[in-house]
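Okay, here's what each chain looks like letter by letter:
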Amino acid sequence: MTTKSWTADDIPSQQGKTILITGANSGLGLEASKVLSSKGAHVIMTARNLKSGNEAISLIKKKNANAKLDLMHLDLSDFTSIHQFSQEFHNKYRQLDVLINNAGVMFPAKRELTKQNFEIQFGTNHLGHFLLTGLLLDVLKSTPNSRIAIQSSGQHKAKMGKPDIYFDDLNFDKGYNKYVAYTQKQAGKPIICV
Ligand SMILES: NC(=O)c1ccc[n+]([C@@H]2O[C@H](COP(=O)([O-])OP(=O)(O)OC[C@H]3O[C@@H](n4cnc5c(N)ncnc54)[C@H](OP(=O)(O)O)[C@@H]3O)[C@@H](O)[C@H]2O)c1
(Lines give C-alpha, C1' and ligand atoms only; values in the text may rest on other atoms or scores of the structure.)
Protein backbone atom coordinates (compact mmCIF):
# COMPACT_ATOMS: atom_id res chain seq x y z
CA MET A 1 0.00 0.00 0.00
CA THR A 2 1.37 3.41 -0.96
CA THR A 3 1.06 6.20 1.59
CA LYS A 4 1.43 8.97 -1.03
CA SER A 5 -2.07 8.99 -2.41
CA TRP A 6 -3.70 7.13 0.46
CA THR A 7 -7.26 8.12 1.35
CA ALA A 8 -9.90 6.76 3.70
CA ASP A 9 -11.30 4.84 0.71
CA ASP A 10 -8.26 2.55 1.00
CA ILE A 11 -9.35 1.33 4.43
CA PRO A 12 -10.67 -2.22 4.11
CA SER A 13 -13.85 -3.42 5.80
CA GLN A 14 -13.67 -3.25 9.60
CA GLN A 15 -16.75 -5.43 10.02
CA GLY A 16 -16.59 -7.50 13.18
CA LYS A 17 -13.95 -5.29 14.82
CA THR A 18 -14.35 -3.42 18.07
CA ILE A 19 -12.36 -0.20 18.17
CA LEU A 20 -11.95 2.06 21.19
CA ILE A 21 -11.03 5.70 20.56
CA THR A 22 -10.14 8.12 23.35
CA GLY A 23 -11.09 11.78 22.94
CA ALA A 24 -13.57 10.81 20.23
CA ASN A 25 -15.88 13.79 20.64
CA SER A 26 -13.80 16.18 18.54
CA GLY A 27 -10.96 16.60 16.06
CA LEU A 28 -9.02 13.55 14.95
CA GLY A 29 -10.88 11.22 17.31
CA LEU A 30 -14.24 12.23 15.89
CA GLU A 31 -13.00 11.88 12.33
CA ALA A 32 -11.54 8.43 13.08
CA SER A 33 -14.84 7.38 14.70
CA LYS A 34 -16.75 8.54 11.64
CA VAL A 35 -14.53 6.79 9.12
CA LEU A 36 -14.03 3.53 11.03
CA SER A 37 -17.74 3.18 11.80
CA SER A 38 -18.50 3.82 8.13
CA LYS A 39 -16.26 0.79 7.43
CA GLY A 40 -18.39 -1.37 9.68
CA ALA A 41 -16.45 -1.27 12.95
CA HIS A 42 -18.19 -1.15 16.29
CA VAL A 43 -16.65 2.03 17.68
CA ILE A 44 -16.54 2.76 21.38
CA MET A 45 -16.08 6.49 21.67
CA THR A 46 -14.84 8.00 24.91
CA ALA A 47 -15.29 11.56 26.07
CA ARG A 48 -14.74 13.37 29.35
CA ASN A 49 -17.85 15.40 28.58
CA LEU A 50 -20.79 13.14 27.71
CA LYS A 51 -22.86 16.02 26.27
CA SER A 52 -20.11 16.72 23.77
CA GLY A 53 -19.80 12.98 23.12
CA ASN A 54 -23.51 12.66 22.38
CA GLU A 55 -23.33 15.61 20.00
CA ALA A 56 -20.48 13.84 18.19
CA ILE A 57 -22.59 10.69 17.88
CA SER A 58 -25.51 12.69 16.46
CA LEU A 59 -23.18 14.24 13.90
CA ILE A 60 -21.98 10.83 12.72
CA LYS A 61 -25.48 9.32 12.74
CA LYS A 62 -26.80 12.16 10.58
CA LYS A 63 -24.63 10.80 7.77
CA ASN A 64 -24.67 7.14 8.76
CA ALA A 65 -27.74 6.13 10.71
CA ASN A 66 -26.49 2.53 10.96
CA ALA A 67 -23.17 3.44 12.54
CA LYS A 68 -22.51 1.15 15.49
CA LEU A 69 -21.38 3.55 18.20
CA ASP A 70 -21.19 3.44 21.98
CA LEU A 71 -20.20 6.31 24.22
CA MET A 72 -18.35 5.95 27.52
CA HIS A 73 -17.12 8.49 30.01
CA LEU A 74 -13.36 8.70 30.47
CA ASP A 75 -11.29 11.47 32.01
CA LEU A 76 -7.65 10.65 31.40
CA SER A 77 -6.49 13.31 33.86
CA ASP A 78 -7.88 11.28 36.74
CA PHE A 79 -6.65 7.77 37.56
CA THR A 80 -9.91 7.06 39.42
CA SER A 81 -11.92 7.76 36.26
CA ILE A 82 -9.60 5.46 34.27
CA HIS A 83 -10.06 2.62 36.75
CA GLN A 84 -13.84 3.14 36.69
CA PHE A 85 -13.80 3.14 32.90
CA SER A 86 -11.83 -0.11 32.82
CA GLN A 87 -14.24 -1.75 35.22
CA GLU A 88 -17.21 -0.68 33.10
CA PHE A 89 -15.47 -1.76 29.91
CA HIS A 90 -14.74 -5.22 31.31
CA ASN A 91 -18.36 -5.56 32.40
CA LYS A 92 -19.63 -4.74 28.91
CA TYR A 93 -17.11 -6.09 26.40
CA ARG A 94 -15.07 -9.23 25.78
CA GLN A 95 -13.24 -8.07 22.65
CA LEU A 96 -10.95 -5.16 21.72
CA ASP A 97 -9.35 -5.26 18.28
CA VAL A 98 -7.92 -1.76 18.25
CA LEU A 99 -7.19 0.71 21.01
CA ILE A 100 -6.56 4.21 19.64
CA ASN A 101 -4.90 6.39 22.26
CA ASN A 102 -5.85 9.69 20.69
CA ALA A 103 -6.97 12.16 23.37
CA GLY A 104 -4.55 14.87 24.26
CA VAL A 105 -4.11 18.20 25.94
CA MET A 106 -2.13 20.67 23.88
CA PHE A 107 -0.45 23.82 25.18
CA PRO A 108 -2.66 24.81 28.10
CA ALA A 109 -2.76 28.58 28.74
CA LYS A 110 -1.23 28.10 32.18
CA ARG A 111 0.38 25.26 34.09
CA GLU A 112 -2.29 22.88 35.31
CA LEU A 113 -2.15 19.62 37.21
CA THR A 114 -4.10 16.40 36.92
CA LYS A 115 -6.20 15.07 39.76
CA GLN A 116 -3.14 13.20 41.06
CA ASN A 117 -0.92 16.29 40.70
CA PHE A 118 1.00 15.56 37.53
CA GLU A 119 1.63 18.29 34.94
CA ILE A 120 -1.51 18.16 32.82
CA GLN A 121 0.05 17.15 29.48
CA PHE A 122 2.29 14.48 31.01
CA GLY A 123 -0.43 13.24 33.31
CA THR A 124 -3.17 13.07 30.66
CA ASN A 125 -1.46 12.28 27.37
CA HIS A 126 1.21 9.98 28.75
CA LEU A 127 0.39 8.57 32.17
CA GLY A 128 -3.37 8.44 31.58
CA HIS A 129 -2.99 6.43 28.41
CA PHE A 130 -0.30 4.25 29.99
CA LEU A 131 -2.64 3.26 32.79
CA LEU A 132 -5.57 2.79 30.41
CA THR A 133 -3.53 0.56 28.11
CA GLY A 134 -2.26 -1.52 31.01
CA LEU A 135 -5.76 -2.04 32.35
CA LEU A 136 -7.06 -3.13 28.91
CA LEU A 137 -4.11 -5.39 28.06
CA ASP A 138 -5.94 -8.56 29.09
CA VAL A 139 -8.76 -7.93 26.59
CA LEU A 140 -6.30 -6.86 23.90
CA LYS A 141 -4.21 -9.99 24.44
CA SER A 142 -7.23 -12.25 24.25
CA THR A 143 -8.41 -10.65 20.99
CA PRO A 144 -6.54 -12.17 18.02
CA ASN A 145 -4.40 -9.71 16.02
CA SER A 146 -5.28 -6.76 18.23
CA ARG A 147 -3.49 -3.45 17.80
CA ILE A 148 -2.68 -0.35 19.81
CA ALA A 149 -2.41 2.90 17.84
CA ILE A 150 -0.76 5.92 19.45
CA GLN A 151 -1.68 9.39 18.26
CA SER A 152 1.58 11.24 18.73
CA SER A 153 2.90 14.42 17.09
CA GLY A 154 5.63 15.67 14.78
CA GLN A 155 6.53 17.80 17.80
CA HIS A 156 8.44 14.80 19.16
CA LYS A 157 11.26 15.85 16.82
CA ALA A 158 11.46 19.32 18.37
CA LYS A 159 13.58 18.22 21.29
CA MET A 160 15.42 21.55 21.46
CA GLY A 161 18.56 19.72 22.54
CA LYS A 162 16.84 18.63 25.73
CA PRO A 163 16.18 15.10 26.97
CA ASP A 164 13.20 13.12 25.65
CA ILE A 165 11.78 12.91 29.13
CA TYR A 166 12.66 15.25 32.00
CA PHE A 167 13.12 12.57 34.59
CA ASP A 168 14.62 15.01 37.09
CA ASP A 169 11.65 17.39 36.83
CA LEU A 170 8.70 15.43 35.42
CA ASN A 171 6.09 17.97 36.45
CA PHE A 172 8.07 21.10 35.56
CA ASP A 173 8.07 22.33 39.13
CA LYS A 174 11.30 24.21 38.46
CA GLY A 175 9.97 26.27 35.55
CA TYR A 176 7.19 25.80 33.02
CA ASN A 177 7.24 25.96 29.25
CA LYS A 178 4.03 24.48 27.83
CA TYR A 179 5.62 23.76 24.45
CA VAL A 180 8.58 21.90 25.93
CA ALA A 181 6.20 20.05 28.25
CA TYR A 182 4.01 19.00 25.31
CA THR A 183 7.00 18.06 23.19
CA GLN A 184 8.63 15.78 25.75
CA LYS A 185 5.35 14.04 26.44
CA GLN A 186 4.75 13.42 22.76
CA ALA A 187 8.26 12.00 22.40
CA GLY A 188 7.59 9.75 25.30
CA LYS A 189 3.98 8.82 24.68
CA PRO A 190 3.83 5.24 25.83
CA ILE A 191 4.01 2.52 23.27
CA ILE A 192 3.21 -0.94 24.53
CA CYS A 193 3.57 -3.99 22.30
CA VAL A 194 1.32 -7.00 22.72
N1 LIG B 1 -4.08 19.20 15.97
C2 LIG B 1 -2.82 18.99 15.67
O3 LIG B 1 -2.19 19.77 14.93
C4 LIG B 1 -2.10 17.77 16.18
C5 LIG B 1 -0.85 17.51 15.66
C6 LIG B 1 -0.19 16.39 16.10
C7 LIG B 1 -0.74 15.57 17.07
N8 LIG B 1 -1.93 15.89 17.61
C9 LIG B 1 -2.45 14.97 18.64
O10 LIG B 1 -3.65 14.41 18.15
C11 LIG B 1 -4.53 14.13 19.22
C12 LIG B 1 -5.90 14.70 18.92
O13 LIG B 1 -5.79 16.09 18.76
P14 LIG B 1 -6.87 16.98 17.98
O15 LIG B 1 -6.12 17.86 17.07
O16 LIG B 1 -7.94 16.13 17.44
O17 LIG B 1 -7.35 17.91 19.19
P18 LIG B 1 -8.78 18.13 19.86
O19 LIG B 1 -9.83 18.34 18.85
O20 LIG B 1 -8.56 19.20 20.89
O21 LIG B 1 -9.05 16.74 20.56
C22 LIG B 1 -8.46 16.39 21.75
C23 LIG B 1 -9.35 15.40 22.43
O24 LIG B 1 -8.75 15.01 23.65
C25 LIG B 1 -9.71 15.13 24.66
N26 LIG B 1 -9.17 15.33 25.99
C27 LIG B 1 -8.46 16.37 26.48
N28 LIG B 1 -8.23 16.20 27.77
C29 LIG B 1 -8.79 15.03 28.13
C30 LIG B 1 -8.91 14.32 29.34
N31 LIG B 1 -8.42 14.80 30.48
N32 LIG B 1 -9.56 13.14 29.33
C33 LIG B 1 -10.11 12.65 28.20
N34 LIG B 1 -10.05 13.27 27.03
C35 LIG B 1 -9.40 14.47 27.00
C36 LIG B 1 -10.57 16.33 24.25
O37 LIG B 1 -11.77 16.38 24.99
P38 LIG B 1 -12.54 17.79 25.20
O39 LIG B 1 -13.26 18.08 23.92
O40 LIG B 1 -13.44 17.53 26.34
O41 LIG B 1 -11.50 18.83 25.49
C42 LIG B 1 -10.73 16.00 22.79
O43 LIG B 1 -11.73 15.04 22.62
C44 LIG B 1 -3.88 14.70 20.49
O45 LIG B 1 -3.24 13.66 21.21
C46 LIG B 1 -2.83 15.65 19.96
O47 LIG B 1 -1.73 15.77 20.83
C48 LIG B 1 -2.64 16.95 17.18
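Here, every reference points to the structure presented above.
As a starting point, this report considers the structure included with it. (Residues numbered from 1 in each chain as written. Predicted model: local features only at pLDDT ≥ 70, side-chain atom pairs only at ≥ 80, totals over all residues. Heavy atoms only, no water.)

## Quick notes on the overall build of the chain
So, point 1. Assigned secondary structure in the chain consists of five helices and five strands.
So, point 2. Tracing the chain from N to C terminus, the helices and strands come up as β-α-β-α-β-α-β-α-β-α.
So, point 3. Since a compact globule built from 194 residues should have a radius of gyration of about 16 Å, the 17 Å found for the chain is in line with a globular shape.
So, point 4. For the C-alpha atoms alone, the extent of the chain along its principal axes is close to 50 × 40 × 30 Å.
So, point 5. Entry remark: accessible area of the chain is about 10600 Å², with carbon and sulfur atoms responsible for 53%.
So, point 6. Separation of charge centres in the chain, based on 24 positive and 16 negative side chains, amounts to 4 Å. (Helix = DSSP H or I, 4+ residues; strand = E, 2+ residues; numbered from the N terminus. Rg over C-alpha atoms; globule rule 2.2 N^0.38 Å. Areas by Shrake-Rupley, 256 points an atom, 1.4 Å probe, with all protein chains shown as cover. Lys, Arg positive; Asp, Glu negative; His and termini not counted. Charge placed at Lys NZ, Arg CZ, Asp CG, Glu CD.)

## Some words on the side chain of asparagine 102
So, point 1. Looking at where asparagine 102 falls in the secondary structure, it is placed in the loop between strand 4 (98-101) and helix 4 (120-142).
So, point 2. Within the structure, asparagine 102 has its side chain in polar contact with the backbone oxygen of glycine 23 (distance 3.2 Å).
So, point 3. In terms of polar contacts, asparagine 102 uses its side chain to reach the side chain of glutamine 151, at 3.5 Å. (Polar contact = N/O pair within 3.5 Å; in protein donor to acceptor, adjacent residues only side chain to side chain.)

## Let's talk about the packing of aromatic side chains
So, point 1. On inspection of all chains with the given rule, the structure shows eight aromatic pairs.
So, point 2. Ring geometry for phenylalanine 89 against tyrosine 93: centres 4.9 Å apart, planes inclined by 45 degrees, an arrangement best described as tilted.
So, point 3. In this structure an aromatic cluster arises from ring pairing among Phe79, Phe118 and Phe122. (Phe/Tyr/Trp six-rings, centres within 6.5 Å; stacked < 30°, edge-to-face > 60°.)

## Quick look at the pattern of salt bridges
So, point 1. For the structure shown, the criterion picks out four salt bridges.
So, point 2. Between lysine 92 and glutamate 88 there is a salt bridge, and its shortest N-O distance comes to 3.4 Å. Linking lysine 92 with glutamate 88, this pair stays in helix 3 (residues 79-92), spanning four residues, or about one helical turn.
So, point 3. Here arginine 111 makes a salt bridge to aspartate 173, at a shortest N to O gap of 2.8 Å. Of this pair, arginine 111 sits in the loop between strand 4 and helix 4 while aspartate 173 is found in the loop between strand 5 (147-150) and helix 5 (178-187), placing the two residues 62 residues apart along the sequence.
So, point 4. Arginine 111 sits in the partly exposed class, given a relative accessible area of 30%. (Salt bridge = Lys/Arg side-chain N within 4 Å of Asp/Glu carboxyl O. Buried < 20%, exposed > 50% of the residue type's maximum accessible area, 1.4 Å probe, protein only.)

## What to know about the sheet that holds strand 2 (residues 42-47)
So, point 1. Pairing within the open sheet is parallel, and its five strands lie in the order 3-2-1-4-5. Each edge of the open sheet carries a strand with a single partner, namely strand 3 (68-73) and strand 5. Within the sheet, the average angular offset between the axes of one strand and its neighbour, ignoring direction, is 15 degrees.
So, point 2. By the bridge criterion, six bridges tie strand 2 to strand 3 in an arrangement that is parallel. The residue of strand 3 that forms the bridge with histidine 42 is lysine 68.
So, point 3. Lying over the sheet, helix 3 contacts strand 1 (18-21), strand 2 and strand 3, oriented at roughly 145 degrees with respect to strand 3. (Pairing = 2+ DSSP bridges. Axes fitted to C-alpha atoms, helices over the stretch in contact; angles between N-to-C directions. Contact = heavy atoms within 4.5 Å.)

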